Amino acid sequence: MTSDSLHLCSASVAELEAILARHDQSRRSLIPILQDLQEQTGYLPMEAVAAVAQHLDISAHEVFGVATFFSQFRFNPLGKHCLKICEGTACHVRGSAMLLDALTRKLHIVPGETTADREFSLERVMCLGSCALAPVIVSDDRVCGRINQKKLEKLLSNGMTQRTADDAQRNQIASDV
Ligand code: FES
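Criteria and thresholds
- Residues numbered from 1 in each chain as written.
- Predicted model: local features only at pLDDT ≥ 70, side-chain atom pairs only at ≥ 80, totals over all residues.
- Helix = DSSP H or I, 4+ residues; strand = E, 2+ residues; numbered from the N terminus.
- Buried ≥ 20, exposed ≤ 12 C-beta atoms within 10 Å, placed from the backbone.
- Pairing = 2+ DSSP bridges.
- Axes fitted to C-alpha atoms, helices over the stretch in contact; angles between N-to-C directions.
- Contact = placed C-beta atoms within 7 Å.
- pLDDT = per-residue confidence, 0-100.
- Arc of directions from axis to C-beta.

Enquirer: In this structure, what is going on with unusual backbone geometry? I would like to understand it.
Expert: The phi angle of most residues is negative, glycine excepted, and most peptide bonds adopt the trans form. Cis geometry is found at the peptide bond from A134 to P135, where omega equals -5 degrees. Position of P135 relative to the elements: it lies in the loop between β2 (120-125) and β3 (137-139). The backbone of D140 shows a phi angle near 50 degrees, a positive value even though the residue is not glycine. Structurally, the position occupied by D140 is in the loop between β3 and β4 (142-144). Overall, the presence of 14 C-beta atoms within 10 Å leaves D140 in the partly exposed class. Even without being a glycine, R146 presents a positive backbone phi close to 50 degrees. Here R146 shows up in the loop between β4 and α7 (149-176).

Set out below in structure tokens:
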């Protein structure tokens, strides 16, 4: 593998090479490699998927097929805020599908995607062990229970408020320079 064969920055190529060097070239290494890669970069870039395929002498299609089978893997970088909606039985019974529908309409993304401005990512998860609080959404690792439309709006606006505050701070820093 060379940096010519990848459209990754040299640091990413070096990280990828280090990960591949830690694993043998057998098929059973596929999932551990993908796990290490995602832990390192936060997602699986397509160029890295191709490099993994090359390392294991299998097709990129096969690597992609395995990676898409497991919900733990993502193919886009995470947004600034990550919303995980629980689709376990208790949350489903208490309306998680309606919440997911509202989120996809509001953010214009489906689970597994990140908004174009990289502010929000949306994920599906199974039971989080907080069924008494169903329906549950995890917002940036904070468990939010008994979510309804009003609370959902608040979660999103809190994220957007944070963005506005960050933008204001950045602008202030820029004007101070
Ligand atoms: S089903 Fe959602 S927390 Fe258990």
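We are not done yet, so read on.
Enquirer: Is there a simple way to think about the sheet that holds β3 in this case?
Expert: Strands pair in a sheet through their backbones, by hydrogen bonds, and they do so in one of two ways: parallel or antiparallel. Taken together, the four strands give an open sheet; going across it, the order is β2-β1-β3-β4, and neighbouring strands pair in mixed fashion. Every other strand in the sheet has two partners, leaving β2 and β4 as the edge strands with one partner each. Taking each pair of neighbouring strands and ignoring which way they run, the sheet shows an average axis angle of 25 degrees. Of the strand pairs in this sheet, strand β1 (residues 81-86) and β2 are connected by six bridges, and their pairing is parallel. If you follow L83 over to β2, its bridge partner there is L122. The strands that helix α6 (residues 96-107) touches are β1, β2 and β3; relative to β1, the one it contacts most, it runs at about 150 degrees.

Enquirer: Sorry if this is basic, but what is going on with the confidence of the model for the protein here?
Expert: As a general rule, the predicted coordinates of low-pLDDT regions are not to be interpreted in detail. Residues with a pLDDT of 70 or more make up 83% of the protein, whose mean pLDDT is 85. For the protein, α7 is the element with the lowest average pLDDT, namely 64, and helix α5 (residues 89-93) is the one with the highest, namely 97. This model gives residues 1-6 a pLDDT under 50, and the stretch forms nine contacts once residues within four places in sequence are excluded.

Enquirer: Sorry if this is basic, but what is going on with helix α3 (residues 46-56) here?
Expert: Within an α-helix, residues lying three or four positions from one another point in the same direction, as the helix has 3.6 residues per turn. Where α3 is concerned, the buried positions are A48, V49, A51, V52, H55 and L56. All buried residues of α3 project into a common sector of 160 degrees when viewed along the axis, lining one side. Following α3 by one or two positions, D57 has its phi on the positive side, about 55 degrees.

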